[in-house]
Amino acid sequence: MRLKTSLLKEPKHKDLVSCVGWTTADELYSCSDDHQVMRWNPVSSETSRVLKLPQDVYPIDLHWFPRATGGKKQPQAESFVLTSSDGKFHLISKLGRVEKSVEAHCGAVLAGRWNYEGTALVTAGEDGQVKIWSKSGMLRSTLAQQGTPVYSVSWAPDSDKVLYTSGQQLIIKPLQPNAKVLQWKAHDGLILKTDWNSVNELILSAGEDCRYKVWDSFGRVLYNSQPHEYPITAIAWALDGELFALGSFNTLRLCDKTGVHNVINDAVDLLEFRDRVIKASLNYGYLVVSTSLQCYVFSTRNWNTPLIFDLKEGTVSLILQAERHFLLVDGGGLYLYSYEGRLISSPKYPGMRTDILNALTVSLSNDTLAVKDKADEKVIYIFEALSGKPLGDGKPLTHKTEIVEIALDQKGLTSERKIAFIDKNRDLFITSVKRFGKEQKIVKIGTMVQSLAWNDSCNILCGIQDSRFTVWYYPNTVYVDKDLLPKTLYEKDASEFSKSPQIVSFVGSQVTIRRADGSLVHLHISPYPAILHGHVSSSRWEDGLRLCRFVKDQTLWACLAAMAVANKDMSTAEIAYAAIGEIDKVQYINSIKELPSKESRLAHMLLFSGNSQEAETLLLQAGLVYQAIQININLYNWERALDLAVKHRTHVDTVLAYRQKFLEDFGKKETNQRFLQYAEGLEVDWNKIKAKIEMEIAKERERAAASAAGRSSVTVQQ
């Protein structure tokens, strides 16, 4: 991508142009020292004068009121603030009517910015003051007062802090009184311009030292440019936080590229569009291109006949693709389309703000859409892709701390769909998006994770974890056998990727990583885990075993063991656990296989995976009360075991006997009043208890045999 510039034969302004502001992708307003405010249409090259300012008013800065907040368009959305050299700021409508002029500073008002919600305005002046105003122009507070002019000011993404310049220093000051102020030396010369992006939360600064720099919100430098020939006087982020432009004397720069290149036969197709291209995305065999008016969908098999449909708004800020459909995000909402151009759904949630959504805070799979909330950053809204309705009971996923990045896995059944996310502490968690009426089990699987990505063709997860590149070949292991998870990982030293690398994509067995200097590094991982995923998803267990025997890799065997347990294939699980030397688990699986009924075997498999509550529920539903009591005894859940025995009026003596033996083994006396109460007058007879247990097991075998005979009878009749 590069900037296309054009120069009119005759300039419309007669003097220096001091500030500009876009309203939509096809409408621009400009102000000049000739006192005129002009409206431009870059597509048609039409220009019209909106307003003639008084002769003593020289415009300095212009900023449009936020277009939409919380999904609602505000009445003031069609207006802008104009700061000027006479110490005033002016609220002006789109039609050119001056709604209000306010005396703000002694000397010129050098900058004015609306916050992202449109609830407040900040101004900075030559007098060194930074002031906060209501949206109607009433003074709320003087945030800062210093001896040097403040040349630029920006709001924090959450609108609770303000960034402003002070000579060579950058200062972040919260609106709350007595809150900690962050200040650091940013340049060797006067800082002229700043911008703080609401999507990636990164800060830009430019100064008279002829450099521009990128900072995080803690004041740590992420990029420091080489010195330019002249001071950099203008710098601004694109809304989505992926690009920024900078201006200097006779210089305008933008660094990025987008093209179509067939690497198989080196064929190059030149795609031309009627309107200006805003966004493009290439994935799953389709290229989706958004212009200022239309959306084009190209199939990689045929570049000549794209599918074209009109857009509601020409301000598409994000395109996300899944295998079956794609998502467009613009100023008005979220729109899910099929690759045939049919609108599938348009999900909505309370307080929706689409202007701050990006690829880190929105994730799409074939059946699910996940969106991180900005109002409460601990919340993720999850929707059914086809209907646009909230998934399950409609309650969003809530975490204990703020979430910074989310990603849905791409393959498998909807009921098994997983979402991975990184929180503010840089811990990586995974959970199921479907709850089945119970609380979601959110499990931590990594720490100090900077970036993550799911594979496009199987549910393998990769991430950059501190100084290591890590691949979780089967993340679901954490729900099956948590102790096995470390054995299913691949780790590699990530120091070669330099500071703050980001994973761009994970396609097939290739991971693409972008380093901090912008260069791309391609990393290959073993193809065997993906092949194993394919075998297991098709229930080809023999092929899976053959693959593991051929590769002879402990990691692959560990993945197969976890996959077999997850799919209740005990024979394969036994072989896989034996291959990695987990003898105790092999013995436990053998004992499970010897259980008389299917329900018992399933319950003990759930118990094997740590799901004791589900195991107990399954046994009770099957009428196997003694088995339910016994698993609680085995887990030393004495209170629960006694509750079940009392409720079902059976095996109270069994619970008391095992409790008594447990206390005797540890040389302790009974102190629990409930157990003392039920033990009164009850004599423990181990012979009777063993006889009752044997009778229960015999009864279970008879039921299992009768059930098997019933099934075979049905089969014969069919």
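Residues numbered from 1 in each chain as written. Predicted model: local features only at pLDDT ≥ 70, side-chain atom pairs only at ≥ 80, totals over all residues. Heavy atoms only, no water.

Counting its regular elements, the chain contains 13 helices and 48 strands. Along the first, second and third principal axes, the C-alpha set of the chain runs to 110 × 65 × 45 Å. The 718 residues of the chain split such that 49% are buried. Long-range contacts, defined as pairs at least 24 residues apart, comprise 41% of the intrachain contacts of the chain with a sequence gap of at least 6. (Helix = DSSP H or I, 4+ residues; strand = E, 2+ residues; numbered from the N terminus. Buried < 20%, exposed > 50% of the residue type's maximum accessible area, 1.4 Å probe, protein only. Contact = heavy atoms within 4.5 Å.)

Under the counting rule described, the total for this entry stands at 25 aromatic pairs. Seen in terms of ring centroids, Y212 and F244 are 5.6 Å apart; in terms of plane orientation they differ by 70°. Their pairing is edge-to-face. Taken as a pair, Y212 in strand 21 (residues 212-215) and F244 in strand 24 (residues 244-248) lie far apart in primary sequence, 32 residues in all. Residue class for Y212 comes out buried when judged on its relative accessible area of 9%. Geometrically, the ring pair formed by F326 and Y339 is tilted, given 5.5 Å between the ring centres and 40° between the ring planes. Placement of the pair is F326 in strand 31 (residues 325-329) and Y339 in the loop between strand 32 (334-338) and strand 33 (343-345), with a sequence separation of 13 residues. Both residues of the pair, F326 and Y339, count as buried. (Phe/Tyr/Trp six-rings, centres within 6.5 Å; stacked < 30°, edge-to-face > 60°.)

The antiparallel open sheet is built from 4 strands, whose spatial order is 15-16-17-18. Only two strands of the sheet have a single neighbouring strand rather than two, namely strand 15 (153-155) and strand 18 (182-185). Sheet twist, expressed as the average angle between the axes of neighbouring strands with direction ignored, equals 15°. Across 4 bridges, the pairing between strand 17 (residues 169-174) and strand 18 is antiparallel. Opposite L170, over in strand 18, you have W184 as the bridge partner. (Pairing = 2+ DSSP bridges. Axes fitted to C-alpha atoms, helices over the stretch in contact; angles between N-to-C directions.)

Looking now at the sheet that holds strand 26 (residues 277-283). Reading across from one edge, 26-27-28-29 is the order of the 4 strands in this open sheet, with antiparallel pairing throughout. For this open sheet the edge positions go to strand 26 and strand 29 (302-310), each flanked by a neighbour on one side alone. In this sheet, adjacent strand axes meet at a mean angle of 20° when their direction is disregarded. With 5 bridges connecting them, strand 27 (residues 286-291) and strand 28 (residues 294-299) associate as antiparallel partners. Its bridge partner lying in strand 28, S290 is registered against C295.

In this section: the environment of Y490. Its place among the elements puts Y490 in strand 45 (residues 489-493). Overall, Y490 belongs to the partly exposed group, its relative accessible area being 28%. A C-alpha to C-alpha distance of 8.2 Å links Y490 and F469, two positions 21 residues apart in sequence. In contact with Y490, other than residues within four places in its own chain, are F469, T470, V471, Y473 and I525.

At H35, a residue that is not glycine, the phi angle is positive and equals roughly 70°. Positionally, H35 belongs in the loop between strand 2 (27-32) and strand 3 (36-41). Using a relative accessible area of 5% as the deciding quantity, one classes H35 as buried. In this model, D466 sits at a positive phi of 60°, which is unusual for a non-glycine residue. Looking at the secondary structure, you find D466 in the loop between strand 43 (461-465) and strand 44 (468-472). D466 gets classed as partly exposed once you look at its relative accessible area, which sits at 43%.

On to the pattern of salt bridges, then. By the definition in use, this model includes 30 salt bridges. In this structure, E377 and K372 form a salt bridge, with 2.9 Å as the shortest nitrogen-oxygen distance. Residue D665 pairs with K661 through a salt bridge whose shortest N-O separation is 3.5 Å. Of this pair, D665 and K661 both sit in helix 11 (residues 652-665), 4 residues apart, which is roughly one turn of the helix. For K661, a relative accessible area of 41% translates into the label partly exposed. Several salt bridges converge on common partners, so that one network encompasses E27, R39, E78 and K94. (Salt bridge = Lys/Arg side-chain N within 4 Å of Asp/Glu carboxyl O.)

For the rest of this paragraph, the subject is the nonpolar core. Counting residues in hydrophobic clusters, the biggest one holds 47 residues, and the most contacted among them are C462, F469, V511, L532, L560 and Y577. For this core, the element with the highest residue contribution is helix 4 (residues 554-566), accounting for 10 residues. (Core = buried A, V, L, I, M, F, W, Y, C linked by side-chain atoms within 4.5 Å.)

Contact geometry of helix 7 (residues 598-608) with helix 8 (residues 612-621) gives a least axis separation of 7 Å together with a crossing angle of 170°. Relative to helix 8, helix 7 is oriented roughly antiparallel. For the pair helix 7 and helix 8, the contacting residues are E599, S600, L602, A603, L606 and L607 in the first and S612, E614, A615, L618 and L619 in the second. (Parallel < 35°, antiparallel > 145°, perpendicular 65-115°, else oblique.)

Residues at a pLDDT of 70 or more form 93% of the chain, whose mean pLDDT is 85. Every residue in residues 714-718 scores below 50 in pLDDT, and together they form 0 contacts with partners more than four places removed in sequence or on other chains. (pLDDT = per-residue confidence, 0-100.)

Following the sequence through the fold, K374 ends up in the loop between strand 35 (368-372) and strand 36 (379-384). On the accessibility criterion, K374 (16% relative accessible area) is buried. A polar contact is formed between the side chain of K374 and the side chain of E377, at a distance of 3.5 Å. Leaving out residues up to four positions away in the same chain, K374 has contacts with P157, S198, E201 and I356. (Polar contact = N/O pair within 3.5 Å; in protein donor to acceptor, adjacent residues only side chain to side chain.)

This part takes up the packing of helix 2 (residues 528-537) against helix 3 (residues 541-551). One can describe the packing of helix 2 onto helix 3 by two numbers: an axis separation of 8 Å at closest approach and a directional angle of 160°. Judged by the inter-axis angle, helix 2 sits roughly antiparallel to helix 3. When the axes of helix 2 and helix 3 are compared, the crossing they make is left-handed. Of helix 3, the residues touching helix 2 (which contributes Y528, I531, L532, H535 and V536) are W541, D543, G544, L547, C548, F550 and V551. When the residues that make up the contact of helix 2 with helix 3 are grouped by side-chain class, the tally is 9 nonpolar, 2 polar and 1 charged. (Left-handed = near helix turned anticlockwise from the far one by under 90°. Nonpolar A, V, L, I, M, F, W, Y, C, P; charged D, E, K, R; others polar.)

Let's shift gears to helix 6 (residues 583-593). All of the buried residues in helix 6 are K585, V586, I589 and I592. Burial along helix 6 is one-sided: seen end-on, the buried residues are contained in an arc of 115°. Its buried side turned inward, helix 6 meets helix 5 (570-579) and helix 7. (Arc of directions from axis to C-beta.)

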